[in-house]
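Single-letter residue listing:
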Amino acid sequence: MKSAVETLNPTRVRLTVEVPFEELKDSLDAAYKKINQQVTVKGFRKGKVPARVIDQRFGRGAVLEEAVNDALPKFYTGAVNEAELNPLGQPEIDITELKDGETLNFTAEVDIRPTIEIPDYSGIEVEVDAVEVTEEDIDKAVEELRERFASTSPVERAAEDGDVVTIDLEAKVDGEVLEDGIANGVSYTIGSGELLDGVDAAVTGLSADQEATFASELKGGSAVGKEAEVTVKVTQVAKRELPELDDEFAQLASEFDTLEELRADSRKRLENMKQYDQATQAQERVLDKLLELVEVPVPEKLLEDEINTRKHNLEHHQLGQMGLDLEKYLEIQGKTAEEFDTETREAAVKGIKTQFVLDELVNQEKLNVNQEELTEHLMRRAASSGMSPDQFAQAVVEGGQVPLLVGEVARGKALAAVVEKAVVKDTNGEIIDLDDEDEDETAEAPAADAEEAPAEAKAADADAKADDAKAEEKTEG
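Residues numbered from 1 in each chain as written. Predicted model: local features only at pLDDT ≥ 70, side-chain atom pairs only at ≥ 80, totals over all residues. Heavy atoms only, no water.

Enquirer: An account of the nonpolar core is needed here, citing residue identities and associated values.
Expert: Ranked by internal contacts, the top residues of the largest apolar core, which has 34 residues, are Ile124, Leu290, Leu361 and Val424. If you list the elements that add at least two residues to this core, you get β5 (125-128), α7 (259-293), α8 (300-319), α10 (337-365) and α13 (402-421). The greatest single-element share of this core, amounting to seven residues, is contributed by α10. With near-sequence residues (within four places) excluded, Leu290 lies in contact with Tyr121, Ile124, Val357, Leu358, Leu361 and Val418. If you look at the next biggest cluster of nonpolar residues, it comprises 31 residues, including Leu24, Ala31, Ile35 and Val49. (Core = buried A, V, L, I, M, F, W, Y, C linked by side-chain atoms within 4.5 Å. Buried < 20%, exposed > 50% of the residue type's maximum accessible area, 1.4 Å probe, protein only. Helix = DSSP H or I, 4+ residues; strand = E, 2+ residues; numbered from the N terminus. Contact = heavy atoms within 4.5 Å.)

Now the structure itself:
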């Protein structure tokens, strides 16, 4: 076999391959054997039909077609390895010449990873938000904790803002009650905005056993996006009572004996959260700076595949679970289809460039991934997908995606290495020292479509994200 490579552009090549006919012998033998098992010829036992009879009865062309289909992947792979290419996706193969007994010639066009030169990145400087926790931040955190320990007690009066009402709902569209438009015994805090538009005004002023009707556009369910007539009946009104902010509350809501100790712990927690956010912000901004330094050509076919994958996952794994279509989603987001397409394309380009650059850094820095790092990453991915570690690991193994997870960890380490050499200052001008642990925790690089999580994990992730919408869908038709 002889092969030659022609560079069509920085991300695509054409292989020209010439195969002497004798190198097709194994594939021809396999073709005759396969056809032998599929045909019946009178006078011959099944599987024992001579080659010449198969040629006469079924045509030599059928045999050659079967043999070539069997041989092409092997010869294509051999040509790729000989040229030391890194192909992306499937090749477009064209048989240019097939002469029985003489030769098989074909071409194969395929996208390849571009050659990338990583310049000196030690001079990268970025600015991040300063870690500042105010008394107002602590007050808000303590108040949120206080809200969680609020109690309710039924009252014999009309409902007011902030009350917790128990309600029954019935939604009609065009005068017909929807099959999924009835919900009874729903607990709702007036003013929370967690149900239909218009429900707050409808229930405010109602006492137990009173009802009201209002119009609202349904946000989920079988009639999503349609205007519905909703009848709401109040079955109970309860007043929310917040505990006093004192040492007794601190003992109730935490392991601390005093409110002062509780507030000190809240400050520490908020500082840790903001430090984590700061590290994540540093990683994202360093990555942006790094991408600005590197010229990265993007294969058009890979880009289109990535765009289509992102759109498919949004429409079928996320929006579909919430009873929304793309048109309704864009309306809620306040975006046009053109804006959505532009944003999706930009995100896809960045994802692919990020993968190429960080993979090159992995090779350049000779970074390896050990079992402990892979296990920690798998645990984080499992948690974000809503699956147990065992379920997620099984999905990864069954999907043959272990090498892809290894790639994710390696790219995270590459980005952490770049962040380590960058100068990171906060908005106060202070230099931030990000320790290795924080960098490893936050270094999760976006992936192109070839490096995404297993389909099972994606679906589970979409299911988990949709859980919060299910109660709303139940009451909104």
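This is not the end of the story, as more comes after the structure.
Enquirer: If you had to explain the sheet that holds strand β2 (residues 12-20) to someone new, which residues and values would you point to?
Expert: With respect to topology, four strands assemble into an open sheet ordered β1-β2-β4-β3, the strand pairing being antiparallel. In this open sheet, the two edge strands, each paired with only one partner strand, are β1 (2-9) and β3 (87-99). Averaged over all neighbouring strand pairs, the angle between strand axes comes to 20°, with direction disregarded. Pairing geometry for β1 and β2, over seven bridges, is antiparallel. Note that in β2 the partner of Thr7 across the bridge is Val13. Running at roughly 125° to β3, helix α3 (residues 60-83) makes contact with β1, β2, β3 and β4 (103-112) of the sheet. (Pairing = 2+ DSSP bridges. Axes fitted to C-alpha atoms, helices over the stretch in contact; angles between N-to-C directions.)

Enquirer: Hey, could you go over a nonpolar patch on the surface for me, with residue numbers and the actual values?
Expert: On the surface, a cluster of nonpolar side chains totalling about 220 Å² of accessible area is made up of Ile93, Ile95 and Leu98. Structurally, Ile93 can be placed in strand β3. (Patch = residues over 30% accessible without salt bridge, like charges linked within 9 Å, V, L, I, M, F, W, Y side chains within 5 Å. Areas by Shrake-Rupley, 256 points an atom, 1.4 Å probe, with all protein chains shown as cover. Salt bridge = Lys/Arg side-chain N within 4 Å of Asp/Glu carboxyl O.)

Enquirer: Quick rundown of the confidence of the model for the protein? Include the residues and the values.
Expert: Per-residue pLDDT for the protein has a mean of 87; in total, 91% of the residues score no lower than 70. Confidence over residues 436-477 falls short of pLDDT 50; this stretch has 109 contacts with residues more than four positions distant or in other chains. (pLDDT = per-residue confidence, 0-100.)

Enquirer: Please give an account of the pattern of salt bridges that cites residues and values.
Expert: This model, assessed by the stated rule, comprises 32 salt bridges. The salt bridge partner of Arg60 is Asp100, with a shortest N-O separation of 2.8 Å. Of this pair, Arg60 sits in helix α3 while Asp100 sits in the loop between β3 and β4, and the two are 40 residues apart along the sequence. On the basis of relative accessible area, Arg60 is assigned to the partly exposed category, the value being 25%. Taken together, the salt bridges that share partners define one network made up of Glu6, Arg12, Arg14, Glu92, Glu109 and Asp111.

Enquirer: Account for α3, naming residues and giving values.
Expert: The end-to-end C-alpha distance of α3, which contains 24 residues, comes to 33 Å, matching closely the 34 Å that a straight helix rising 1.5 Å per residue would cover. The sharpest bend along α3 measures roughly 35° and falls at Ala71, with the proline Pro73 sitting one to four residues further on. Taken together, the buried positions of α3 are Val63, Leu64, Ala67, Val68, Ala71, Leu72, Phe75, Tyr76, Ala79 and Val80. If you follow the buried residues of α3, they end up packed against β1, β2, α1 (25-38), α2 (51-58), β3 and β4. (Expected span 1.5 Å × (residues − 1). Bend = angle between axes of the 7 residues up to and from the residue.)

Enquirer: If you had to explain the pairing of strand β10 (residues 227-241) to someone new, which residues and values would you point to?
Expert: By the bridge criterion, four bridges tie strand β6 (residues 151-154) to β10 in an arrangement that is antiparallel. Pairing of Ser153 across the sheet is with Lys239, part of β10. When strand β7 (residues 164-173) meets β10, the two strands line up antiparallel, connected through nine bridges. Residue pairing in the sheet places Val164 in a bridge with Ala238 of β10. Of the strand pairs in this sheet, strand β9 (residues 211-217) and β10 are connected by seven bridges, and their pairing is antiparallel. Among the inter-strand pairings, Ala215 is bridged to a residue of β10, identified as Glu229.

Enquirer: Account for the UniProt feature "domain: Trigger factor C-terminal" (unreviewed entry) in the protein, naming residues and giving values.
Expert: Residues given the UniProt feature "domain: Trigger factor C-terminal" (unreviewed entry) here are residues 258-420. The annotated region residues 258-420 carries 83% helix and 0% strand content, and the separation between its end C-alpha atoms amounts to 40 Å. (UniProt positions renumbered as here; feature names shortened; annotations may be inferred.)

Enquirer: I'd love a proper account of the environment of Arg411, names of residues and values included.
Expert: The topology assignment puts Arg411 in helix α13. Taking relative accessible area as the criterion, Arg411 reaches 2% and is therefore assigned buried. Spatially, the C-alpha atom of Arg411 lies 8.9 Å from that of Leu367, the residues being 44 residues apart in sequence.

Enquirer: So, the packing of aromatic side chains: which residues are in play, and what are the values?
Expert: Scanning the entire structure with this criterion turns up one aromatic pair. For the pair Phe149 and Phe249, a centre-to-centre distance of 6.3 Å together with 85° between the ring planes defines the contact as edge-to-face. Residue Phe149 is found in the loop between α4 (135-148) and β6, and its partner Phe249 is found in helix α6 (residues 247-253); the two are separated by 100 residues along the sequence. Here the basic side chain of Lys74 rests over the ring of Phe75, its NZ or CZ set 5.0 Å away from the ring centre. (Phe/Tyr/Trp six-rings, centres within 6.5 Å; stacked < 30°, edge-to-face > 60°. Lys NZ or Arg CZ within 6 Å of the ring centre and 35° of its normal.)

Enquirer: An account of the side chain of Ser254 is requested, with residue identities and associated values reported.
Expert: As for its placement among the helices and strands, Ser254 is situated in the loop between α6 and α7. A polar contact is formed between the side chain of Ser254 and the backbone nitrogen of Phe256, at a distance of 3.1 Å. (Polar contact = N/O pair within 3.5 Å; in protein donor to acceptor, adjacent residues only side chain to side chain.)

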